[in-house]
Amino acid sequence: MKQMWTDLDHYIETHLIPEDPILTQTLKHTDDRGYPDHLAVAPNQGMLLQMLIQMNGCKRILELGTFAAYSTMWLARALPEDGYILTIEGRDAHAAVAQENIDQAKLKQTIDLRVGRAADILKSLPADTAPFDFIFIDADKQSYPEYLELSLNLSRSGTLIFLDNVIRAGDIINPDNHKPSIEGIRKMFKLMQEHPRLLSSTALQTVGSKGHDGFALAIVK
Ligand code: DHB
Ligand code: MG
């Protein structure tokens, strides 16, 4: 099935996803630096992120888990010129490639890349930090419950929270799987189920060039 999913993603991309030289350059530079693209969002998912940002007129975005900044570029392309992205990456090597990609892109939007543990950086933001309009959580899956809580502190009513990779080829319902990443996602579902600050939440399974996975989406009350 995997080949079919990949071929269909290609079909979708060739029909509906316009070529963007900045995005193409980002993928190429990341590949030249020797990093595989399996951690990057698929282009059709990048477009979905853009559409959610555009339909909500978002200006301030928080991203946890930059990797090489390919998803960051998708987010940035959806923002007006005075838009702002705070993106946090835990690994020095990934952040170095991300910064190169950000520098090469020369976008008008401000992309503020910080390196370190996302939870520590979020906790150390000034108390008067303006809320974010859109939050993309894509860092270590083990910490998703903590990231969701911290994100809520940086949200306003209507902020959209998008959490990547919450299905993991079905591992989340395998009772024998107790990996920290899988346990983290299960805790995230529980938290979303009962959180008084969330208006609504859902999750969708996806198949495609990145395999069988999915994402969760929540709106802040
Ligand atoms: C993994 C992480 C991601 O954010 C992703 O999009 C795909 C895979 C991983 O850790 O395997
Ligand atoms: Mg991801």
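Keep in mind it's a predicted model, so treat the numbers as computed, not measured.

Let us now look at the sheet that holds strand β7 (residues 211-220). Spatial strand order, β3-β2-β1-β4-β5-β7-β6: 7 strands in an open sheet with mixed pairing. Only two strands of the sheet have a single partner each, and these edge strands are β3 (110-115) and β6 (198-208). Sheet twist, expressed as the average angle between the axes of neighbouring strands with direction ignored, equals 15 degrees. As paired elements, strand β5 (residues 155-164) and β7 share 5 bridges and run antiparallel to each other. In the strand pairing of β7, I161 is matched with A218. Contacting β1 (60-64), β4 (132-137), β5 and β7, helix α3 (residues 43-55) crosses the sheet at an angle of about 175 degrees to β5. Contacting β1, β4, β5, β6 and β7, helix α7 (residues 144-153) runs over the sheet at an angle of about 160 degrees to β5.

A few words on the coordination of the magnesium ion (ligand 2). Angles between donor atoms at a metal ideally measure 109.5 degrees for a four-coordinate tetrahedral arrangement and either 90 or 180 degrees for a six-coordinate octahedral one. Protein coordination at the magnesium ion (ligand 2) comes from D138 (OD), D164 (OD) and N165 (OD1), with a distance range of 2.0 to 2.1 Å. Mapped onto the sequence, the residues coordinating the magnesium ion (ligand 2) show the spacing D-x25-D-N. Of this pair, D138 sits in the loop between β4 and α7 while N165 sits in the loop between β5 and α8 (180-194), and the two are 27 residues apart along the sequence. Residue N165 is classed as buried on the basis of its relative accessible area, which comes to 15%.

Near ligand 1 you find H38, L39, D138, K141, D164, N165 and R168, and these make up its full shell. Separating an oxygen atom of ligand 1 from a side-chain N or O atom of D138 is a distance of 2.8 Å. Between R168 and ligand 1, the recorded distance is 3.5 Å, taken from a side-chain N or O atom to an oxygen atom. Look at ligand 1: alone it shows 290 Å² of surface, and the protein chains cover 70% of it. Taken together, the residues of the shell around ligand 1 break down into 1 nonpolar, 2 polar and 4 charged.

A few words on the pattern of salt bridges. Here the structure, examined in full by the defined rule, presents 14 salt bridges. Residues D112 and R114 are paired through a salt bridge, measuring 2.8 Å at the closest nitrogen-oxygen approach. Through salt bridges that share partners, R117, K123 and E146 make up one connected network.

Over its 13 residues, α3 extends 18 Å from the first C-alpha to the last, a length consistent with the 18 Å expected when each residue adds 1.5 Å. Turning to α3, its buried residues are P43, Q45, G46, M47, L49, Q50, L52 and I53. At its buried positions, α3 is contacted by α1 (2-16), β1, α4 (70-77), β4, β5 and β7. Where α3 ends, the next residue or the one after it, G57, has phi of about 55 degrees, a positive value.

Turning to the packing of helix α2 (residues 21-32) against α4, a few remarks are in order. Two elements in contact, α2 and α4, have axes separated by 9 Å at closest approach and are oriented at 170 degrees. The angle between α2 and α4 falls in the class roughly antiparallel. Within the contact between the two elements, α2 uses I22, L23, T26 and L27 and α4 uses Y70, M73, W74 and R77. Class assignment of the residues belonging to the contact of α2 with α4 gives a composition of 6 nonpolar, 1 polar and 1 charged.

Inspection of the secondary structure assignment puts I161 in strand β5. Sequence separation between I161 and S124 is 37 residues; the distance between their C-alpha atoms is 20 Å. In this view, I161 contacts I135, I137, L148, S151, L152, S155, A216, L217, A218 and V220; residues no more than four positions away in its chain are not counted.

Thresholds applied
- Each chain carries its own residue numbering, running from 1 in the written order of its sequence.
- Both sets of labels track the order of writing: A upward for chains, 1 upward for ligands.
- A pLDDT threshold of at least 70 governs which residues receive local features in this predicted model, and a stricter bar of 80 or more applies before side-chain atom pairs are shown or counted, although totals over entire chains, interfaces and linings include all residues.
- Note: side-chain values were computed over all heavy atoms of the structure, leaving out hydrogens and water.
- The criterion for strand pairing is that DSSP finds at least two bridges linking the strands in question.
- Segments assigned H or I by DSSP are reported as helices when at least four residues long, segments assigned E as strands when at least two residues long, and all are numbered from the N terminus.
- Comment: axis = line fitted to C-alpha atoms, over the contacting stretch for helices; angle = value between 0 and 180 degrees taken between N-to-C directions.
- The contact criterion used throughout is that any non-hydrogen atoms of two residues lie within 4.5 Å.
- Coordinating N, O and S atoms are those within 2.8 Å of the metal (3.2 Å for Na, K and Ca), and as water is not part of the atoms, a site may appear to have fewer donors than expected.
- Categorising residues by exposure relies on relative accessible area from a 1.4 Å probe, with only protein chains included: less than 20% of the type maximum marks a residue as buried, more than 50% marks it as exposed, and the intermediate range marks it as partly exposed.
- Nearness of a residue to a molecule or strand requires only that one of the residue's heavy atoms be within 4 Å of it.
- Within 3.5 Å is the distance limit for a polar contact, defined as a pair of N or O atoms, with the added protein rule that one can donate a hydrogen and the other accept it, and that residues adjacent in sequence qualify only through two side-chain atoms.
- Surface accessibility follows the Shrake-Rupley procedure with a 1.4 Å probe radius. Residue values consider only the protein chains on display as shielding.
- Ten residue types, Ala, Val, Leu, Ile, Met, Phe, Trp, Tyr, Cys and Pro, are classed as nonpolar, four, Asp, Glu, Lys and Arg, as charged, and the remainder, Gly among them, as polar.
- One speaks of a salt bridge when a side-chain nitrogen belonging to Lys or Arg is within 4 Å of a carboxyl oxygen belonging to Asp or Glu.
- Multiply 1.5 Å by the residue count of a helix minus one, and that product is the helix's expected span.
- For classification, angles of less than 35 degrees are called roughly parallel, those exceeding 145 degrees roughly antiparallel, those between 65 and 115 degrees roughly perpendicular, and all remaining angles oblique.

Purely geometric stuff here, so don't read any function into it on its own.
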